[in-house]
Amino acid sequence: MNLSFAAPETIGKVDTTPQARLARQRFLREHVGELYGELTEGRTRHLRIEELLRRAGVAFPDLVPGQEQLAAEEGLRQADKQGLEIDQGIFLQAVLAHPESGRHLIDAMLRPTERALSLLPEFSRTGEADLGVVRIERRDGVAHLTIHNEHCLNAETRAHVEDMETAVDLALLDPETTAGVVRGAPMTHPRYLGRRVFSAGINLTELHEGGIGYVDFLMRRELGYISKLYRGLLVDEEEAWPQRTLEKPWVAAVDSFAIGGGAQLLLVFDHVIAAADSWFSLPAADEGIVPGLGNLRLVRFLGARGARQVILSGRKIWANEPDARALFDEVVDPKAMDAAVEAAAHRLANSAVVANRHMLHHAEEPVETFRHYLSEFAFQQALRIYSQDVIAKVGRSWTRDRRPVEVTG
């Protein structure tokens, strides 16, 4: 099998010319099943995307950038990188487009992380874990996940994605937990001092400075903790009865605002409670990137026209306007949030809810729909984070504000 897509002087390194990338895409459409099978030992090993791409970089250095190439770009600003992650996106696009390989990768990412498994005994014993950005506490059978990225209004960072996946795993694995709640902590940021904030979306400073990784942030969040919130945790094959996944109901509590990635997150929750003075925004056109699975899921809530207004035109939806009824199950006075959250979590904590949420998800977003969307997303998002308009936008935001997050964008 000929795997050479590089000019003679770049053999052993990924050639990033358009001609090489086009040839690579065509080759992968034909052969990705064989390559994925080789990397996963005939699909007997479940590799997370980080390990899958690391192995691919060793086995197929003309197809996927290796660790040496990627390491050379560590610490560089986004504008100064070569765009090697685009070639990772080409590979993941092909893997996810292949029915057997794509489903196998989705399953691999639904398994609990090693970090969560190591922390589980202590969490089950104490009901508490401080993971850094996220703290989890079990109270009366409900796991409360509180986001503590206070300095940047709970903007999403690599640490945020890592800690959220660990916390979601712990809540799903813990036998004493019957439901979960996600809420933002009170802020230390001067603009919202003492106020709770749900999420300000992607951290634009980290994106500008090259710290928003394509694999360990953008792809991991979709295939990792967000997918686990929606689809549950894949249990050991020998214990997969009566079903393959361990699922629990989830409640989101929206204080102040849910922007970008925070808005995307709301679309997988079973019950969303919003403070009456809060708002929802998915400013994809302003940021320039694809808002995760927001394009797939928001249509189910707002319809095609409403979704376009939010995603393409930057429309902001306040909790007290009529269209908010499609996004929020309850809108309450900010002072009544605590009581509303507790009541909703306990109301959902029963086995009938679990069975019915499973069937609702099966009807509204089958795994094959998820896989098809992710395949194209894997490629398009890789292109967008290296597009000149995105680099210029985050550069202007960073230069103008010199602060961790752009709240209005």
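This structure is a prediction, so every number in the text was calculated from the model and none was measured.

Student: Please explain the side chain of glutamate 150 as it appears in this structure.
Tutor: For glutamate 150, the position within the fold is in the loop between strand S3 (142-147) and helix H7 (158-173). Arginine 135 provides the closest opposite charge to the buried, salt-bridge-free glutamate 150, at an N-O distance of 4.7 Å. A distance of 2.7 Å separates polar atoms of two side chains, one belonging to glutamate 150 and the other to histidine 148. Once residues within four sequence positions are removed from consideration, glutamate 150 is found in contact with Ala185, Pro186, Met187, Thr188 and His189.

Student: Quick question: what am I supposed to make of the pattern of salt bridges here?
Tutor: Opposite charge on two side chains makes pairing possible when the charged atoms of those side chains draw close. Under the counting rule described, the total for this entry stands at 35 salt bridges. Between aspartate 163 and arginine 115 there is a salt bridge, with the nearest N and O atoms lying 2.7 Å from each other. Placement of the pair is aspartate 163 in helix H7 and arginine 115 in helix H6 (residues 114-126), with a sequence separation of 48 residues. Residue class for arginine 115 comes out partly exposed when judged on its relative accessible area of 26%. The closest approach of N and O atoms between arginine 231 and glutamate 365, which form a salt bridge, is 3.2 Å.

Student: What is the right way to look at the sheet that holds S3 in this model?
Tutor: Sheet strands line up and pair through hydrogen bonds in the backbone, either parallel or antiparallel. Spatially, S1-S2-S3-S4-S7-S9-S12 is the arrangement adopted by the 7 strands of the open sheet, whose pairing is mixed. The open sheet terminates on both sides in strands that have one partner only, identified here as strand S1 (128-130) and strand S12 (330-332). Taken pair by pair, the neighbouring strands of this sheet meet at an average axis angle of 15 degrees, ignoring direction. As paired strands, S1 and strand S2 (residues 134-139) are joined by 3 bridges and run antiparallel to one another. Among the inter-strand pairings, alanine 129 is bridged to a residue of S2, identified as isoleucine 136. This element, H7, spans S1, S2, S3, strand S4 (179-184) and strand S7 (250-254) of the sheet and lies at about 175 degrees to S3.

Student: Explanation requested: the packing of aromatic side chains in the structure shown.
Tutor: Aromatic ring pairs: the centre-centre distance and the angle between the two ring planes describe each pair. Scanning all chains against the criterion turns up 4 aromatic pairs. On the basis of an interplanar angle of 40 degrees and a centroid distance of 5.3 Å, the ring pair of phenylalanine 257 and tryptophan 279 is categorised as tilted. Of the two residues, phenylalanine 257 is situated in strand S8 (residues 257-259) and tryptophan 279 in strand S10 (residues 279-281); the sequence distance between them amounts to 22 residues. Looking at phenylalanine 257, the relative accessible area reads 0%, which means it is buried.

Student: It is not clear to me how the pairing of S7 should be interpreted in this structure. Could you clarify?
Tutor: Looking down a regular strand, the side chains alternate between one sheet face and the other. Counting buried positions along S7 yields 5 of 5 residues, so the element is predominantly enclosed. Neither face of S7 is exposed, since Trp250, Ala252 and Val254 on one face and Val251 and Ala253 on the opposite face are all buried. Pairing analysis gives 4 bridges linking S4 to S7, with the strands arranged parallel. The partner of glycine 180 across the bridge, within S7, is tryptophan 250. By the bridge criterion, 4 bridges tie S7 to strand S9 (residues 271-275) in an arrangement that is parallel. When the bridges of S9 are listed, alanine 252 appears paired with valine 272.

Student: Honestly, the sheet that holds strand S11 (residues 316-318) in this entry has me stumped. Any pointers?
Tutor: Pairing is mixed across the open sheet formed by 3 strands, whose spatial order is S8-S10-S11. Both edges of this open sheet fall to S8 and S11, since each of them pairs with a single strand only. Within the sheet, the average angular offset between the axes of one strand and its neighbour, ignoring direction, is 10 degrees. Across 3 bridges, S8 lies against S10 in parallel orientation. Across the sheet, the residue bridging to isoleucine 259 is serine 281, located in S10.

Student: Would you explain the nonpolar core in this entry?
Tutor: Side chains that are nonpolar tend, in soluble globular proteins, to be buried together. Judged by nonpolar contacts, the single largest core of 52 residues is most densely connected at Phe91, Leu92, Leu105 and Met219. Setting aside residues no more than four positions away along its own chain, leucine 92 makes contact with Ile49, Leu52, Leu53, Leu105, Tyr214, Met219 and Ala378. Judged by nonpolar contacts, the second largest core, of 49 residues, contains Ala116, Tyr230, Val254 and Ala307.

Student: I would appreciate a short explanation of the side chain of aspartate 169 in the present structure.
Tutor: Position of aspartate 169 relative to the elements: it lies in helix H7. In this structure the side chain of aspartate 169 is engaged in a polar contact, spanning 2.9 Å, whose partner is the backbone nitrogen of threonine 113. In this view, aspartate 169 contacts Arg111, Pro112, Thr113, Ala116, Lys228 and Leu233; residues no more than four positions away in its chain are not counted.

Each value, and the rule that gives it
- Residues numbered from 1 in each chain as written.
- Predicted model: local features only at pLDDT ≥ 70, side-chain atom pairs only at ≥ 80, totals over all residues.
- Heavy atoms only, no water.
- Helix = DSSP H or I, 4+ residues; strand = E, 2+ residues; numbered from the N terminus.
- Buried < 20%, exposed > 50% of the residue type's maximum accessible area, 1.4 Å probe, protein only.
- Lys, Arg positive; Asp, Glu negative; His and termini not counted.
- Salt bridge = Lys/Arg side-chain N within 4 Å of Asp/Glu carboxyl O.
- Polar contact = N/O pair within 3.5 Å; in protein donor to acceptor, adjacent residues only side chain to side chain.
- Contact = heavy atoms within 4.5 Å.
- Pairing = 2+ DSSP bridges.
- Axes fitted to C-alpha atoms, helices over the stretch in contact; angles between N-to-C directions.
- Phe/Tyr/Trp six-rings, centres within 6.5 Å; stacked < 30°, edge-to-face > 60°.
- Core = buried A, V, L, I, M, F, W, Y, C linked by side-chain atoms within 4.5 Å.

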